[in-house]
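# Geometric and topological summary
The primary structure of each chain is shown beneath.
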Amino acid sequence: RPTRKVEKVTEEIRALTRAMVETMHAAPGVGLAANQVGSPWRLLVIDLTVGDEPSHLNVLLNPEIKALEGSQVGEEGCLSFPDVTLDIERAFRVEVAAMDLDGKPVEISGEGLLARALLHEIEHLDGETCLRNVSPLKRELVKRQIRKRMKAGDWVAAAAT
């Protein structure tokens, strides 16, 4: 579901951020959106080093895409769809305006994998998934794969909140 704007950085938001970073690193993954863990807030975390370099952690509240450039096609996975990877076309470069955990405005530019991660997580915050970026046929094949894994007990579906 689409998320709600964070109006004020509270201890609840800080605790959520810590839990999200821990969850993302444990998965392991390079990004996580708050609604993937059942929170309604417009908050994402990205760490392309998967915890190896703490200074590379990006925490963005209320991120908004300001500019897109170029194109890239690459393989994407998603913590919401374990063991599913898809070739997705995204912009090669992105500029995002957001707020940091101190409540201050920040801007982040990313190319390549960082651009891909930013766009992927913002898509989640908008209530979408990467499946929207593939053909209807590919989307149906992924859904079939998920249903098959659910029948085998290899996939646990969580109820939408």
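Residues numbered from 1 in each chain as written. Predicted model: local features only at pLDDT ≥ 70, side-chain atom pairs only at ≥ 80, totals over all residues. Heavy atoms only, no water.

### Quick notes on the pairing of strand β5 (residues 81–90)
Put simply, side chains in a regular strand alternate between the two faces of the sheet. Rules: A pair of strands counts as paired when DSSP detects no fewer than two bridges linking them. A run of DSSP states H or I qualifies as a helix once it reaches four residues; a run of E qualifies as a strand once it reaches two. Both are numbered from the N-terminal end.
Pairing of strand β4 (residues 72–78) with β5 involves seven bridges; the strand directions are antiparallel. Residue pairing in the sheet places Gln72 in a bridge with Arg90 of β5. Connecting β4 to the next strand, β5, in antiparallel fashion are two residues.

### Structural notes on unusual backbone geometry
With an omega of -15°, the peptide bond between Ala27 and Pro28 qualifies as cis. As for its placement among the helices and strands, Pro28 is situated in the loop between α1 (11–26) and β1 (31–33). Look at Val50: it is not a glycine, yet its phi comes out positive at around 50°. Note on placement: Val50 falls in the loop between β2 (43–46) and β3 (58–69). If you check the backbone angles, Asp83 has positive phi at about 65° while not being a glycine.

### Brief notes about the side chain of Arg90
Under the convention used in this document: N or O atoms within 3.5 Å of each other form a polar contact, as long as, within protein, one can give a hydrogen and the other can take it, and as long as residues adjacent in sequence are counted only when both atoms are side-chain atoms. When checking whether two residues touch, look at their non-hydrogen atoms; a contact exists if any pair is within 4.5 Å.
Among the secondary structure elements, Arg90 is positioned in strand β5. Polar contacts involving the side chain of Arg90 include one to the side chain of Glu76, which spans 2.7 Å. Dropping the residues within four chain positions of it, Arg90 is found in contact with Gly70, Ser71, Gln72, Glu76, Arg116, Leu119, His120, Glu123, Cys130 and Asn133.

### What to know about the packing of aromatic side chains
Each pair of aromatic rings is reported with the distance of its centres and the angle of its planes. As a reminder, the rule being used: Two aromatic rings, drawn from Phe, Tyr or Trp (for Trp, its six-membered ring), form a pair once their centres lie within 6.5 Å of each other, and the interplanar angle then sorts them: stacked below 30 degrees, edge-to-face above 60, tilted otherwise. Comment: the charge-over-ring label is applied if NZ (Lys) or CZ (Arg) is within 6 Å of the ring centre and within 35 degrees of the ring normal.
Summed over the entire model, instances satisfying the criterion amount to zero aromatic pairs. Arg4 extends its terminal NZ or CZ atom over the ring of Trp41, reaching a point 4.8 Å from the ring centre.

### As for helix α2 (residues 113–125)
The line we're drawing: Given a helix with a known number of residues, its expected span is that number minus one, times 1.5 Å. The cut-offs for exposure are 20% and 50% of the maximum accessible area for each residue type, with area from a 1.4 Å probe on protein chains only; residues under the lower value are buried, those over the upper are exposed, and the others partly exposed.
Between its first and last C-alpha, α2 extends 18 Å over 13 residues, near the 18 Å set by a 1.5 Å rise per residue. Most of α2 sits out of view: twelve of its 13 residues are buried. If you check which residues of α2 are buried, you get Leu114, Ala115, Arg116, Ala117, Leu118, Leu119, His120, Glu121, Ile122, Glu123, His124 and Leu125. In the stretch just after α2, Gly127 is the one whose phi turns positive, near 90°.

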